[in-house]
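Descriptive structure summary
These are the residues of each chain, in order.
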Amino acid sequence: MVNHSDISSFRTRLLSLLYMVTLTGCLLFVSNSCKNKAKDKRGAPQEQAEGMTTAGEFVEDLEYADFSFSKVKGYFLGEIDERLCVLSVESASKTRVTGKFYPIDSLSGSASPESFKLQKESDGYRLVAGTINDKVTFSISADSAAILGTITTLGAQGRVHRLSFQHYKAPAFCERQSTRYRKPQFSYSVLADVQYGKAKGFWTSYPMENDINFTKVFLKLLPKTIAAKQQDLLLDLYIPENDSVAKRPLFVLLHGGAYFVGDKGTKNMRGWCEHFAQCGYVVASVNYRMGFAISKSSIQQCGYQAIQDAHAALRYLVAHADEYHIDPDHIFLAGTSAGSITALAAAFMNDKNCPNFVTKNKLRKKCGTLHTSGNECRDDVKIKAIANMWGAVYDLHELDGHPVPVVSFHGTADRIVPFDRGVPFSEIKGKIGEMLFDEMYGSEAIHKYLDSLHVRNKLYPLEGCGHAPHQEKDGRLNDHYQFIQDKMRAFFYPELKSKPQLKHDDHDPQFYCFEEEGFTHLSWQAEGGVILSASDGGVRVVWLDDAPKHLLRVSGFNPIGVPYKQEWTL
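So, here's what we can say about the structure. (Residues numbered from 1 in each chain as written. Predicted model: local features only at pLDDT ≥ 70, side-chain atom pairs only at ≥ 80, totals over all residues. Heavy atoms only, no water.)

**Observations concerning the sheet that holds strand β14 (residues 282–286)**
- Across the sheet, which stays open at both edges, the eight strands sit in the order β11-β12-β14-β13-β15-β16-β17-β20 with mixed pairing between neighbours. Each end of this open sheet is capped by a strand with a single partner; those strands are β11 (188–201) and β20 (457–462). In this sheet, neighbouring strand axes are inclined to one another by 15 degrees on average, regardless of whether the strands run parallel or antiparallel.
- With four bridges connecting them, strand β12 (residues 229–240) and β14 associate as antiparallel partners. Counted as the bridge partner of L237 is A284 from β14.
- Taken strand by strand, helix α12 (residues 479–496) contacts β13 (248–254), β15 (326–336), β16 (385–389), β17 (406–411) and β20, and its axis lies near 165 degrees from that of β16. (Pairing = 2+ DSSP bridges. Helix = DSSP H or I, 4+ residues; strand = E, 2+ residues; numbered from the N terminus. Axes fitted to C-alpha atoms, helices over the stretch in contact; angles between N-to-C directions. Contact = heavy atoms within 4.5 Å.)

Spelled out as structure tokens, the structure:
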């Protein structure tokens, strides 16, 4: 039968050996006169032990040991007779060395300290640690980098123990930084006229940059509303180049134009697409079906079809996420005017909360549901955030249950789309606006309602500005254009950040990793513990039970290349 006192005695001896290592360090710093005296007494210096790394000088003649060394302090990580341990040297004087010893068990995530004291006596050296209280001799080399050698206990069950320790230096912690998605830094390529679907409609494009008389354009295009034809639904893709990340966030833009004119390639759309692609986004500028007869029901059907096309474009891009290197978990949507009305509806409206005119006009029967038109893609789409530029919603209750962050820009003097609440095109004489449009809720009403729902949102009221405040009447882009671009980019950035969930396996209590994959360039730090190994795959830590706190910290890049820093108190 195993004697428990023998086991305890053996453990104590092991501890003694470690502590003796510390003493050895002291011996390295013996004065030159003492060294010379020892040399005269011993003769030729002892040869280095086979296979042992040099760590200062070996000291065997204990008569001349001096414990007042200063370099052998802090934590050392190594082995005693092939058992992993942590050694802490706390104090050293000419006659005494004290510290703690932490035996590491692979089945435990922490290590308990055991104190030791090694002191010089008139007839040699004594180690006191736990149940050990023995005379010892040693042959050790020690300095600030390593402690190597042997310790022999002289008690009834004395034996020789081999020590091999390296000074523990915690991995340097590096907080990762990057300007990706915040500043232009990439070149880009353009895939023009990518077909994302087909649907019956009147037309999908009519650029207005060089033809600014809307009345003439309206009269010119009105005859085309007599009969719908099959239309190719197209988008332009702006893709960053020379980029190392495998997947990138997607930014989808919908142009304005009163559901009658506009194009994915107009100057203002193109400028934003180029900027966000240079920042690292995959950007899609989308054309959708436009055109309506002079009736409220025709206008409402046109708006409904635009929402269908926005959904079709989003589904197509998610279905081809691998091909275009898109991260479907980070999709951002924006639009101007009618494009913004469409973007808001695409994010918040569903087949259950559609406005009354959808049922009244039997639009589902005529046009299909919101999510089944245009193509056969059926992938789920989740919008991360929206940039609303002078847009509106039909019913504020559409916003219920959809906590999508919204940043809004709107001229306070806008009489085409109401800043707060009203009928679109209220500036038209003869109350034609009321005859053709339903009341809508603009950016200020949206902002207040989202505030009441505690949904992250921001409103930038452009004081005294009318509709489309980002450009002059002749189409020139003004200072508001840059302002909107910068605020939009800044609002999106927090949504790109992600905090990984820490995973800790009870069957491997020393190992920590992330639930999610794709986090890279991880830098780990453990306060109150010793890191045994660290990589992008995880970190192995032994916590010291007597440390005032156990804190694990990490910094790195998430799967789309955004830097993050996180810490856990364990």
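**Concerning the packing of helix α5 (residues 296–319) against helix α7 (residues 338–348)**
- The contact between α5 and α7 brings their axes to 9 Å, and the two run at 65 degrees. The chirality of how α5 crosses α7 is right-handed. The residues of α7 that touch α5, namely those facing A306, I307, A310 and H311, are T342, A345 and A346.
- Partitioned by chemical class, the residues of the contact of α5 with α7 number five nonpolar, two polar and no charged. (Left-handed = near helix turned anticlockwise from the far one by under 90°. Nonpolar A, V, L, I, M, F, W, Y, C, P; charged D, E, K, R; others polar.)

**What about the nonpolar core?**
- With 77 residues, the main nonpolar core has Y196, L235 and L317 as its most contacted residues.
- Take this core: its biggest share by element is 12 residues, from α5.
- In this structure, L235 is in contact with L191, A192, D193, V194, Y196, K264, A284, S285, V286, A313 and L317, ignoring residues within four places of it in sequence.
- In this structure, A385, M389, W390 and F491 belong to the second largest nonpolar core, which totals 32 residues. (Core = buried A, V, L, I, M, F, W, Y, C linked by side-chain atoms within 4.5 Å. Buried < 20%, exposed > 50% of the residue type's maximum accessible area, 1.4 Å probe, protein only.)

**Here we look at the packing of helix α4 (residues 267–279) against α12**
- Relative to each other, α4 and α12 sit at 40 degrees, their axes nearing to 11 Å. Between α4 and α12, the angle is such that the two are oblique. When the axes of α4 and α12 are compared, the crossing they make is right-handed. Residues K267, N268, G271, W272, H275, F276 and C279 of α4 lie in contact with α12, whose contacting residues are Y481, I484, Q485, M488, R489 and F492.
- Classifying every residue of the contact of α4 with α12 gives seven nonpolar, four polar and two charged. (Parallel < 35°, antiparallel > 145°, perpendicular 65-115°, else oblique.)

**Brief notes about the environment of S555**
- In this structure, S555 sits in strand β26 (residues 551–557).
- Among residues more than four places away in sequence, those in contact with S555 are F173, C174, E175, R176, H521, L522, S523, Y564 and K565.
- Reaching out from S555, the side chain makes a polar contact with the backbone oxygen of Y564 at a distance of 3.0 Å. (Polar contact = N/O pair within 3.5 Å; in protein donor to acceptor, adjacent residues only side chain to side chain.)

**So, the sheet that holds strand β23 (residues 520–527)**
- With antiparallel pairing, the three strands of this open sheet are ordered in space as β23-β26-β27. Looking at which strands have only one partner, the edges of the open sheet turn out to be β23 and β27 (563–569). Put simply, the sheet's adjacent strands are angled 15 degrees from each other on average, direction ignored.
- Relative to β26, β23 is paired through six bridges, and the arrangement is antiparallel. Bridge pairing in β26 links Q525 to R553.

**Section: empty space enclosed by the protein**
- Tallying each qualifying case throughout the model produces one cavity of 30 Å³ or more.
- In this structure, the largest cavity spans a volume of roughly 50 Å³.
- Looking at the largest cavity, the residues that line it are Y259, Q300, G303, Y304, I307, I341, T342, A345, M349, F357 and Y394.
- Tallied by class, residues from the lining of the largest cavity come to eight nonpolar, three polar and no charged. (1 Å grid on protein atoms, 1.4 Å probe; cavity = no way out; pocket = protein on both sides within 12 Å on 5 of 7 lines; lining within 4 Å. Points joined across faces, edges and corners; volume = space filled by probe spheres on them.)

**Side note on the packing of aromatic side chains**
- This model, assessed by the stated rule, comprises 28 aromatic pairs.
- Aromatic pair F218 and F260: ring centres 4.7 Å apart, planes at 35 degrees, arrangement tilted. Of this pair, F218 sits in helix α3 (residues 214–221) while F260 sits in the loop between β13 and α4, placing them 42 residues apart in sequence.
- Owing to a relative accessible area of 0%, F260 belongs among the buried residues under this scheme. (Phe/Tyr/Trp six-rings, centres within 6.5 Å; stacked < 30°, edge-to-face > 60°.)

**Concerning α4**
- Here α4 is 13 residues long and its end C-alpha atoms lie 19 Å apart, about the 18 Å a rise of 1.5 Å per residue gives.
- Immediately beyond the C-terminal end of α4, within one or two residues, lies G280, with a positive phi of roughly 125 degrees. (Expected span 1.5 Å × (residues − 1).)

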